[in-house]
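Take a look at the letters that make up each chain.
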Amino acid sequence: MEDINQETVHRHDAGCDGHGHHHHDGMHIHPVANNMKVALALNVSFTIIEFFGGLFTNSVAIISDAIHDLGDSLAIASALVLEKESERGRTATFTYGKRRFSTLAALITSLILFVGSVVITINAIPRFFHPEEVHVQGVLWLAILGLLFNGAAVLRLKKGNKSSLNQKAVMLHLMEDALGWIAVLIGGIVMYFTGWYWIDPLLSLGIAAFILFNAVKNISNGLSIFLQAKPHGIDEGKLLNELLAIPHVSDIHDLHIWTMDGEKHILTSHIVVPADSDITLMRRVREDVLQKLKNLNIQHPTIQIETSMETCRFTNC
Ligand SMILES: [Zn+2]
Ligand SMILES: [Zn+2]
Ligand SMILES: [Zn+2]
Ligand SMILES: [Zn+2]
């Protein structure tokens, strides 16, 4: 079994262009996926520890972070399951591929976090005005444990493939989480010496605000993708001007731009050339337009070349 695995790994390393090839599940060893699995296992187990730890210490700050880590676990799990799937390209049913599965998973995760942070806030506000005693030593131990878990996950990911954008994002996020734990640690130390238990709901509200801010941002991004909005970072006016500047392009209409998942952008348009253009000129214009669109980060353009003599039904579409 070991030999078969080794053999497959070598073949895979030699032949994988990372695009459109077929994967035999369970035979490949993907270091990125393995590191993600370890990070997921750490996150899930720590989420459970936090939920019970939060109840035991009577700390709403710890419960808030448990909600946050639940969201992280969902995000890592969906990345692990869907990242490979979304790169496989078209299928008979999903002719654009399955990239939006990841977008949908991120949207659902954000909605869960949105509800979670609202529930935290509703519970933390009364606690701020009527503070309850918190088992501070327990909170301190959990904060130290949290930092260790976070640190372990970061180190584990650092060893892996550095070119994976997703992995970079996860690592950056884990470092943000470590900062949250440092805040809880400092708050815990202050509570230990002063007995100011209102610090606990204050930390909780801070964590909830952080979760809410990111959730709202991600929900807004996800919805604009599903509603076929123009992708962020694409300026339609600038794009139009650059295309009109191409030699022999006299007009452009029926221009539509949307994005599969925020990274792969799709464009369709009609390009008008002078009435006397021959097939060679049309071909050159088409190549120029496609090259320009590639430079403008449009990965999936579809264009139709027309002459100014033709009447088009889609001039105002
Ligand atoms: Zn592969
Ligand atoms: Zn996090
Ligand atoms: Zn047209
Ligand atoms: Zn149209």
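Residues numbered from 1 in each chain as written. Chains lettered and ligands numbered in written order. Predicted model: local features only at pLDDT ≥ 70, side-chain atom pairs only at ≥ 80, totals over all residues. Heavy atoms only, no water.

*Asks:* Describe the overall build of the protein chain, and please don't skip the residues or the numbers.
*Replies:* Regarding its fold elements, the protein chain presents nine helices and three strands. Taken from the N to the C terminus, the helices and strands of the protein chain come in the order α-α-α-α-α-α-α-α-β-β-α-β. Contacts in the protein chain between residues far apart in sequence, at least 24 positions, make up 70% of those at least 6 positions apart. A total accessible area of about 18000 Å² is found for the protein chain, and carbon and sulfur atoms account for 64% of it. (Helix = DSSP H or I, 4+ residues; strand = E, 2+ residues; numbered from the N terminus. Contact = heavy atoms within 4.5 Å. Areas by Shrake-Rupley, 256 points an atom, 1.4 Å probe, with all protein chains shown as cover.)

*Asks:* Just give me the short version of the side chain of Ser-277, but keep the residues and values in it.
*Replies:* Mapped onto the elements of the fold, Ser-277 is located in the loop between strand S2 (265-273) and helix H9 (279-295). Among the residues examined, Ser-277 registers a relative accessible area of 12% and is labelled buried. Within the local environment of Ser-277, its side chain forms a polar contact with the backbone oxygen of Pro-274, the two atoms lying 2.7 Å apart. (Buried < 20%, exposed > 50% of the residue type's maximum accessible area, 1.4 Å probe, protein only. Polar contact = N/O pair within 3.5 Å; in protein donor to acceptor, adjacent residues only side chain to side chain.)

*Asks:* Would you mind going over the pairing of strand S3 (residues 300-307) in detail, with residue names and values included?
*Replies:* One ladder, built from eight bridges, connects S2 with S3; its direction is parallel. What sits directly across from Ile-266, in S3, is His-300. Following the chain from S2 across H9 to the adjacent parallel S3, one finds a crossover that is right-handed. (Pairing = 2+ DSSP bridges. Right-handed = clockwise from strand over helix to strand, strands pointing away.)

*Asks:* So what about the pattern of salt bridges? Which residues, and what values?
*Replies:* Enumeration over the complete set of coordinates arrives at eight salt bridges. Close ionic contact of Glu-85 with Arg-88 constitutes a salt bridge, the shortest N to O distance being 3.6 Å. Among the residues examined, Arg-88 registers a relative accessible area of 31% and is labelled partly exposed. Residue Glu-242 is joined to Lys-292 by a salt bridge in which the shortest nitrogen-to-oxygen separation is 3.4 Å. Residue Glu-242 is found in helix H8 (residues 236-244), and its partner Lys-292 is found in helix H9; the two are separated by 50 residues along the sequence. A residue is classified by how much of its surface remains accessible, and Glu-242, at 25% relative accessible area, is partly exposed. On the basis of relative accessible area, Lys-292 is assigned to the partly exposed category, the value being 26%. Members of the salt-bridge network, linked through shared partners, are Glu-85, Arg-88 and Lys-98. (Salt bridge = Lys/Arg side-chain N within 4 Å of Asp/Glu carboxyl O.)

*Asks:* Can you explain the packing of aromatic side chains? Please cite residues and give values.
*Replies:* In total, this model carries eight aromatic pairs according to the counting rule given. Between Tyr-96 and Trp-258 the ring centres are 5.4 Å apart and the planes differ by 80°, which places this aromatic pair in the edge-to-face class. Residue Tyr-96 is found in the loop between helix H3 (60-86) and helix H4 (99-129), and its partner Trp-258 is found in strand S1 (residues 251-259); the two are separated by 162 residues along the sequence. Trp-258 gets classed as buried once you look at its relative accessible area, which sits at 14%. The interplanar angle of 85° and the centroid separation of 6.3 Å between the aromatic rings of Phe-128 and Trp-198 together place this pair among those described as edge-to-face. Separated by 70 residues along the polypeptide, Phe-128 in helix H4 and Trp-198 in the loop between helix H6 (165-194) and helix H7 (199-226) bring together distant segments of the chain. (Phe/Tyr/Trp six-rings, centres within 6.5 Å; stacked < 30°, edge-to-face > 60°.)

*Asks:* Could you give an account of the sheet that holds S3, naming the residues involved and the relevant values?
*Replies:* Taken together, the three strands give an open sheet; going across it, the order is S1-S2-S3, and neighbouring strands pair in mixed fashion. Of all the strands in the sheet, the pair left with one neighbour each is S1 and S3. Strand after strand, the sheet turns through a mean of 10° between neighbouring axes, direction not considered. (Axes fitted to C-alpha atoms, helices over the stretch in contact; angles between N-to-C directions.)

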